[in-house]
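Chain and residue survey
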Amino acid sequence: MANDSKYAYAVARVRVLENRLLDKGQVDRMLEAQGAREALQVLAETNYASAVGELKDVHRFEDLLAGELERVYREVRRFYPEPRLLEALAAKYDVHNLKVLLKAQGLGREAGGDILYPNVGNIPLAKLEAMFAQEDFRDLPPHLRQAVEEIGAGWSQRPDPQWIDIILDRALYDHLLALADTIPFLKEFFTHQANLVNIKTFIRVKILRQDEDFLKKVLLRGGDIHQSFFTDLYHEPLEVLCDRLALSPYAQVVNEGLAEWQEKGRLTRFEKLADDFLLNFVRSHRHHPFGPQALVGYLLAVENELKLIRIIMVGKLNKLPPEEIRERLRDVYV
Amino acid sequence: MFESMTGIVLALLGAALAVGLAGIGSAIGVGLVGQSASGVVSEDPDKFGQTLLLQALPGTQGIYGLLTGFLIMQRTGVVGGNLLNLTMEQGWAVFMAAMPVAIVGLLSAIAQGRAAAAGVGLIAKRPEELGKAIIFAVMVETYAVLALLASILLLFGITF
Amino acid sequence: MRMRVNPTRMELNRLKKRLNMAVRGHRLLKDKRDELMRQFIDLIKHNKELREEVERELQPALAKFLLARAVMSGESMEEAIMFPKTRFDLAVSRQNIMSVYAPKFSWEKAGGGQGEGDIYPYGFADTSAELDASIATLSQLMPKLLELAQVEKAADLLADEIEKTRRRVNALEHVLIPQLSETVRYITMKLEEAERSALTRLMKVKDIVRGKT
């Protein structure tokens, strides 16, 4: 019952905010627009009106998306009740910033401002940059500090940018699942996410013909499909993966995704289905009136919407045929 | 003397619980809906009237409790100024008569609060469905009314 | 157009020598031009093949890249590829094609990757699989791109040289040689004229002398 009153306000508020997300009709109209400018005009009638007004160049539409992401996180920070919830959902942006700064340090140059998230993550970017300037990482959360130290130790032996990503991704998911330990819904969500990432990673490693040791290194530990499941399958053909996952919730994602890989040699459909799976998982729980479900759902829906807009805008700017764009479009949340 | 005192004390304890527990239930319920409502109104101020309607719903249990309390006070002469001498049995009977409204009031008010808060979520999405949201919440009311009915019948059934 | 020179025998000798030289130079330059042309045509053919091949492969790679760009945020994309894993160490030396000095690249893959497939500078959790394919193609294409750059530069320099030689040949053929030969003819005529007039004068003098006696 304590949960009820904790979440009641935020959930109700999110219900109103959900109304302002793009609906299927608006997405379809964007898709049917002739050219990028017209697609942007559709956005001008929505929640994005003022941002579209400020946009001077269609090619800079990423600014609009970055601005919206920042705005939503700023707003949500004011009223989301459970700090761990937001910390978990924003953690990926901290990790992203760390990756960029570490790589920039490795290259010995400044990181471009365009590719960092200044105000979205849990740690303000300025603070992170200060840590890098002083090479003092004591103020980082323990899981990140450990990762940075591990990267630093490995770097002197063999500077490999891929390691930065791998170690930080792994630290991220370990941390997410630890954070979500007290929020069962969130834990379930991250477990699904980690499983799907692992399945995709497994397929990619097979396709790229990397060795088994490498696979062991890149698999995340968070999912509930164990690492040995993948390493055992490594020497089998990809079809065996379908059979083995036939009874899991991911059967459809894997079957259809791999069918397209066999046919056209790409994982586009797999990625779309994986994203849709996560979105649908959250969506099916979002009507819960007193719980984190709707709150997680809203943030995921915003991120999904930004992705939708990006896919359409990139497609329109480069004059891709609508089918090609549609193949990649994710579901709509509302 | 001591015995007759215990009788009236038990009766008054019943009244206090009827008012108190049902009131607590209503307070929790109304508070919960209030939180949801302010969540909605903070984004959409036009919805104030509709959400207020929903917020009022879990308040009825408190009123039923108060009604029962008054009835006990009136029957036992606390209000009339002419205090009855109740036996132990009579005291227990009055106490028991208050229980339906006290217990059902407490729990149904909270349950109704949850239903109404969910209803607030519903009208945030679809303002035109206010009627349905109210119906869902009002369904809970049935049991509070039944409890009130039971309490009143019991009270009138006791002879002093 | 003949030159303004004194029609003297000395001048004639000098001009004849120059004319001779010009004609010889013209022939040599013409040979050079033809040879350059031949080399150039070979180079262009090679260049065309190479360019078509590169474009054929580059086009889908860029298309894939574009699609990866669509499904990944700008931030993730930039982060993924900001730190390249493989490096090409490029050494530039000169090669001599008909005394045209064109750059010659030699390169060596360096850094990061152990083994062929190890070219991906990013982790797999936050990146799209569509990126893998385009990175793989681009990486395979790198040596061809370098070769194309080299061939194209050589063709460029060669074209310059051909143009220069052609202009020289033309200048010799249409200006200097006609000019010299005309002048030579003019001087020869002038000299013959002078000779004839001296001869006539002599005959006249002879007649006068004979008439007096």
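Residues numbered from 1 in each chain as written. Chains lettered and ligands numbered in written order. Predicted model: local features only at pLDDT ≥ 70, side-chain atom pairs only at ≥ 80, totals over all residues. Heavy atoms only, no water.

Let us now look at the overall build of chain A. Per the secondary structure count, chain A includes 17 helices and 0 strands. For 334 residues, the compact-globule formula gives about 20 Å, and the C-alpha radius of gyration of chain A, at 21 Å, lands near that figure. When the backbone C-alpha atoms are referred to their principal axes, chain A occupies close to 55 × 50 × 50 Å. Residue burial in chain A is summarised as follows: out of 334 residues, 58% are buried. Considering only intrachain contacts with a sequence separation of at least 6, the fraction spanning at least 24 residues in chain A is 67%. For chain A, the exposed surface amounts to about 14400 Å²; the carbon and sulfur share of it is 49%. (Helix = DSSP H or I, 4+ residues; strand = E, 2+ residues; numbered from the N terminus. Rg over C-alpha atoms; globule rule 2.2 N^0.38 Å. Buried < 20%, exposed > 50% of the residue type's maximum accessible area, 1.4 Å probe, protein only. Contact = heavy atoms within 4.5 Å. Areas by Shrake-Rupley, 256 points an atom, 1.4 Å probe, with all protein chains shown as cover.)

Okay, the domain arrangement of chain A next. Think of interface size as the accessible area that goes away when the parts come together; that is how it is often given. Residue and element names in this part refer to chain A. Parsing chain A into structural domains produces domain 1 (1–81 + 292–334), domain 2 (83–182) and domain 3 (184–287). In this assembly, 20 residues from domain 1 lie in contact with 18 residues from domain 3. For the pair domain 1 and domain 3, the summed buried surface comes to about 1700 Å²; carbon and sulfur atoms form 54% of the total. The three residues of domain 1 that bury the most area against domain 3 are Gln293, Arg330 and Tyr333, which together make up 33% of that side's buried surface. Run the count over domain 1 and domain 3 and you get 6 salt bridges. The salt bridge partner of Glu327 is Arg266, with a shortest N-O separation of 3.0 Å. Taken together, domain 1 and domain 3 are joined by 8 residue pairs in polar contact (both at pLDDT 80 or more). (Domains from an automatic or database assignment. Buried area = accessible area lost by both parts, 1.4 Å probe. Salt bridge = Lys/Arg side-chain N within 4 Å of Asp/Glu carboxyl O. Polar contact = N/O pair within 3.5 Å; in protein donor to acceptor, adjacent residues only side chain to side chain.)

Taken as a whole, the largest pocket holds about 390 Å³ of empty space. When residues of the lining of the largest pocket are traced back to their parent elements, those giving at least two are α5 (61–79) of chain A together with α1 (9–71) and α2 (74–81) of chain C. Residue contributions to the lining of the largest pocket peak at 7 residues, all from α5(A). Partitioning the lining of the largest pocket into residue classes produces 11 nonpolar, 4 polar and 8 charged. Inspection of the lining of the largest pocket shows a minimum of three residues originating in each of domain 1 (1–81 + 292–334) and domain 2 (83–182) of chain A. (1 Å grid on protein atoms, 1.4 Å probe; cavity = no way out; pocket = protein on both sides within 12 Å on 5 of 7 lines; lining within 4 Å. Points joined across faces, edges and corners; volume = space filled by probe spheres on them. Nonpolar A, V, L, I, M, F, W, Y, C, P; charged D, E, K, R; others polar.)

Turning our attention to the pattern of salt bridges. According to the stated counting rule, one finds 52 salt bridges over all chains in the structure shown. Between C:Arg69 and A:Glu62 there is a salt bridge, with the nearest N and O atoms lying 2.6 Å from each other. Taken together, the residues C:Arg69 in helix α1 and A:Glu62 in helix α5 connect one chain to another. The buried category is assigned to A:Glu62, whose relative accessible area is 14%. Ionic pairing is found between A:Asp181 and A:Lys187, a salt bridge with its closest N-O pair at 2.9 Å. A cluster of three or more residues bridged by salt bridges with shared partners is formed by A:Glu260, A:Arg266, A:Glu327, A:Arg328 and C:Glu130.

Moving on, we get to the interface of chain A and chain C. In this assembly, 43 residues from chain A lie in contact with 33 residues from chain C. Summing both partners gives a buried area of about 3400 Å² for chain A against chain C, and 59% of it is carried by carbon and sulfur. Taken as a group, A:Gln162, A:Arg204 and A:Leu208 account for 17% of the area that chain A buries against chain C, more than any other trio of residues on that side. Summed over the shared surface of chain A and chain C, the result is 5 salt bridges.

Turning our attention to the pairing of strand β2 (residues 100–110) of chain C. Residues and elements named next belong to chain C. In this sheet, β2 lies alongside strand β1 (residues 87–97) in antiparallel orientation, the contact comprising 11 bridges. Considered in β2, the bridge of Asn96 is made with Tyr101. Between β1 and β2, which pair antiparallel and follow one another directly, the connecting turn spans 2 residues, one of which, Met98, has a positive phi of 50°. (Pairing = 2+ DSSP bridges.)

With that out of the way, let us pick up a nonpolar patch on the surface. A cluster of nonpolar side chains, B:Leu12, B:Leu66, B:Phe70, B:Val78, B:Val79 and B:Leu83, forms an exposed patch at the surface whose accessible area comes to about 510 Å². Among the secondary structure elements, B:Val79 is positioned in the loop between α3 (60–75) and α4 (88–125). (Patch = residues over 30% accessible without salt bridge, like charges linked within 9 Å, V, L, I, M, F, W, Y side chains within 5 Å.)

Moving on to the packing of α3(B) against α4(B). Residue and element names in this part refer to chain B. Where α3 meets α4, the closest approach of the two axes is 8 Å, and the angle between their N-to-C directions is 170°. In this view, α3 runs roughly antiparallel relative to α4, as classed from their interaxial angle. Contacts from Thr60, Gln61, Tyr64, Gly65, Thr68 and Ile72 of α3 reach α4 at Val94, Ala98, Val101, Gly105, Ser108, Ala109 and Gln112. Here the residues of the contact of α3 with α4 are counted per class, giving 6 nonpolar, 7 polar and no charged. (Axes fitted to C-alpha atoms, helices over the stretch in contact; angles between N-to-C directions. Parallel < 35°, antiparallel > 145°, perpendicular 65-115°, else oblique.)

Every contact between the two is made by 17 residues of chain A and, on the other side, 17 residues of chain B. Sorting the residues of chain A by area buried against chain B places A:Tyr9, A:Val16 and A:Phe290 first, and these three jointly supply 30% of that buried surface. There are 3 salt bridges connecting chain A and chain B. We note a salt bridge from B:Glu43 to A:Arg20, for which the minimum N-O separation is 3.1 Å. At the boundary of chain A with chain B, the tally comes to 6 residue pairs in polar contact (both at pLDDT 80 or more). Tallying contributions element by element places helix α1 (residues 2–19) of chain A first for the side of chain A that touches chain B, with 11 residues. Class assignment of the residues belonging to the side of chain A that touches chain B gives a composition of 8 nonpolar, 2 polar and 7 charged.

Moving on: the nonpolar core. Residue and element names in this part refer to chain A. Judged by nonpolar contacts, the single largest core of 148 residues is most densely connected at Tyr80, Ile199 and Leu241. For this core, the element with the highest residue contribution is helix α16 (residues 292–317), accounting for 15 residues. With residues up to four places along the chain from it excluded, the contact list for Leu241 reads Ile199, Phe202, Ile203, Phe229, Leu233, Val254 and Leu258. (Core = buried A, V, L, I, M, F, W, Y, C linked by side-chain atoms within 4.5 Å.)

With that out of the way, let us pick up the confidence of the model for chain C. The predicted model of chain C has a mean per-residue pLDDT of 86, with 97% of residues at 70 or higher. If you check the scores for this complex, the pTM reads 0.82 and the ipTM reads 0.82. (pLDDT = per-residue confidence, 0-100.)

The next subject is the packing of aromatic side chains. This model, assessed by the stated rule, comprises 16 aromatic pairs over all chains. Residues A:Tyr9 and A:Phe79 carry aromatic rings whose centres are separated by 6.3 Å and whose planes lie at 85° to one another, so their mutual orientation is edge-to-face. One end of the pair, A:Tyr9, is in helix α1; the other, A:Phe79, is in helix α5, with 70 residues separating them in the sequence. According to the relative accessible area criterion, A:Tyr9 is partly exposed, its value standing at 24%. Ring plane angle 90° and centroid distance 5.7 Å describe the contact between B:Trp92 and B:Phe95, whose orientation is recorded as edge-to-face. On the criterion of helical spacing, the pair formed by B:Trp92 and B:Phe95 is a turn pair, its members being 3 residues apart in helix α4. (Phe/Tyr/Trp six-rings, centres within 6.5 Å; stacked < 30°, edge-to-face > 60°.)

Attention now goes to empty space enclosed by the protein. On inspection of all chains with the given rule, the structure shows 4 cavities of 30 Å³ or more. Each pocket or cavity is described by its volume, and for the largest cavity that value is around 1100 Å³. Along its surface, the largest cavity is lined by 45 residues, and A:Lys92, A:Gln193, A:Asp275, A:Lys307 and C:Asp126 are the ones closest to its centre. Breaking the lining of the largest cavity down by element, the ones donating at least two residues are α5, α6 (83–107), α9 (161–179), α10 (184–207), α15 (268–285) and α16 of chain A together with α2 of chain C.

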